[in-house]
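Notes for the structure review
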Amino acid sequence: MTEKLPEGSQHAHDTAEQAAQERWEAVDRYLTDLLAPDDDALTTALTSSESAGLPSIAVAGNQGKLLHLLAASMGARTILEIGTLGGYSTIWLARALPDGGRLISLEYSPEHAEVARGNLARAGLDHIAEVRTGAALETLPKLAAEPGAGPFDLFFIDADKKNNPHYVEWALKLSRPGSLIIVDNTVRGGAVVERDSTDPSVVGTREMYALVAREPRLDATAVQTVGVKGYDGFLLARVVS
Ligand code: SAH
Ligand code: DHB
Ligand code: MG
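Residues numbered from 1 in each chain as written. Chains lettered and ligands numbered in written order. Predicted model: local features only at pLDDT ≥ 70, side-chain atom pairs only at ≥ 80, totals over all residues. Heavy atoms only, no water.

The next point concerns the side chain of T225. Counting through the fold element by element, T225 comes out in strand 6 (residues 218-227). Under the relative-accessibility criterion, T225 is labelled buried at 17%. Looking at T225, its side chain comes within polar contact range of the main-chain nitrogen of G233, at 3.4 Å. The contacts of T225, once residues within four sequence positions are left out, are Q63, G230, Y231, D232, G233 and F234. (Helix = DSSP H or I, 4+ residues; strand = E, 2+ residues; numbered from the N terminus. Buried < 20%, exposed > 50% of the residue type's maximum accessible area, 1.4 Å probe, protein only. Polar contact = N/O pair within 3.5 Å; in protein donor to acceptor, adjacent residues only side chain to side chain. Contact = heavy atoms within 4.5 Å.)

Rendered as structure tokens:
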């Protein structure tokens, strides 16, 4: 938060922000317990990630359920994820696929990929979901060159935010009319409105929005979110042609 506040009001401001965060978390717990509780495989995906020292930045349970519902609603048969971490979002997405469906998830870190592969196997999804190691900007061209690669019905982009414009370009290349592109973390505590930001994540996300806005093949919106993940948001773009 960068807003300037009158002398003496900083403490009250911090306390108010903390109270807001606690409220958002309580509501997320309420909604998630009722509608999107983790089962054993999802719980283990998080605990094994934590034990292995992975950062706690997976999507929230209710967000994972949203990904699942979107994939199921559109009848997705093929999904490409960029940014696997321990495979938590991967499990939510792969569980929406029908028999014969396929998910490929791209992950830079071999350590993260190994944890994710274990979690996918425990979830009984290793025949559906495959984790490929390497920087996505290197693995995407290889994937695109494979015979029969794509088109993918749904893309979940959730890796290094500075490359978001490139990832959306690749998603477009690997899409068909009707594909859905979802990009995570596109509000960043509101920092996305800072046009002079030098934070590469903010710069990359703003370039991604500009690209999406001028791309006639995409019809898009973005939504702000609050909850256990703080204040953030996501972009949804439908490939129209
Ligand atoms: N989608 C996951 C969270 C992903 S966190 C979930 O919600 O459960 C972001 C992941 O992107 C991290 O594991 C990080 O290692 C990976 N990453 C960062 N840079 C990358 C790159 N250049 N190519 C592929 N993956 C990358
Ligand atoms: C970060 C990355 C994410 O994908 C996320 O959902 C939250 C935080 C991060 O890099 O800090
Ligand atoms: Mg994310």
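After that view of the structure, there is still more to cover.
In the vicinity of ligand 1, 21 residues are found, and the nearest of them are G83, S89, E107, H112 and D158. At 2.9 Å, a backbone N or O of A136 approaches a nitrogen atom of ligand 1. For the shell around ligand 1, the elements supplying multiple residues, two or more each, are helix 4 (88-94) and strand 2 (102-107). Among the residues making up the shell around ligand 1, the classes are represented as 12 nonpolar, 5 polar and 4 charged. (Near = heavy atom within 4 Å. Nonpolar A, V, L, I, M, F, W, Y, C, P; charged D, E, K, R; others polar.)

Moving on, we get to the site of ligand 2. Residues in close proximity to ligand 2 include I57, D158, K161, D184, N185 and K229, which together make up its full environment. Within the side chain of K161, one N or O atom sits 3.1 Å away from an oxygen atom of ligand 2. In this structure, N185 approaches ligand 2 through a side-chain N or O atom, which is 2.8 Å from an oxygen atom. Relative to its unbound accessible area of 290 Å², ligand 2 is 66% covered by the protein chains. Taken atom by atom, the bulk of ligand 2 overlaps the largest pocket. Looking at the shell around ligand 2 residue by residue, the class counts come to 1 nonpolar, 1 polar and 4 charged. (Areas by Shrake-Rupley, 256 points an atom, 1.4 Å probe, with all protein chains shown as cover. 1 Å grid on protein atoms, 1.4 Å probe; cavity = no way out; pocket = protein on both sides within 12 Å on 5 of 7 lines; lining within 4 Å. Sits in = over half its atoms within 2 Å of the grid points.)

Turning to the packing of aromatic side chains, a few remarks are in order. One pass over the structure, following the stated rule, counts 1 aromatic pair. With a centroid separation of 6.0 Å and an interplanar angle of 65 degrees, the aromatic rings of F152 and F155 are classed as edge-to-face. Here the guanidinium or amino end of K173 rests over the ring plane of W170, the centre of that ring lying 4.1 Å away. (Phe/Tyr/Trp six-rings, centres within 6.5 Å; stacked < 30°, edge-to-face > 60°. Lys NZ or Arg CZ within 6 Å of the ring centre and 35° of its normal.)

So, about empty space enclosed by the protein. The tally for this structure, following the rule as stated, stands at 1 cavity of 30 Å³ or more. Considering only enclosed or pocket space, the largest cavity measures out at about 40 Å³ in volume. What lines the largest cavity is Q63, D184, N185, T225, K229, D232 and G233. When grouped by side-chain class, the residues that make up the lining of the largest cavity number no nonpolar, 4 polar and 3 charged. (Points joined across faces, edges and corners; volume = space filled by probe spheres on them.)

As a packed pair, helix 2 (residues 40-51) and helix 5 (residues 110-122) sit with axes 10 Å apart at the nearest point and diverge in direction by 155 degrees. When the interaxial angle is binned, helix 2 and helix 5 end up roughly antiparallel. Regarding helix 2 and helix 5, the two cross each other, and that crossing is right-handed. Judged by residue contacts, T44, A45, S48 and S49 of helix 2 engage V115, N119 and R122 from helix 5. In the contact of helix 2 with helix 5, the residues fall into 2 nonpolar, 4 polar and 1 charged. (Axes fitted to C-alpha atoms, helices over the stretch in contact; angles between N-to-C directions. Parallel < 35°, antiparallel > 145°, perpendicular 65-115°, else oblique. Left-handed = near helix turned anticlockwise from the far one by under 90°.)

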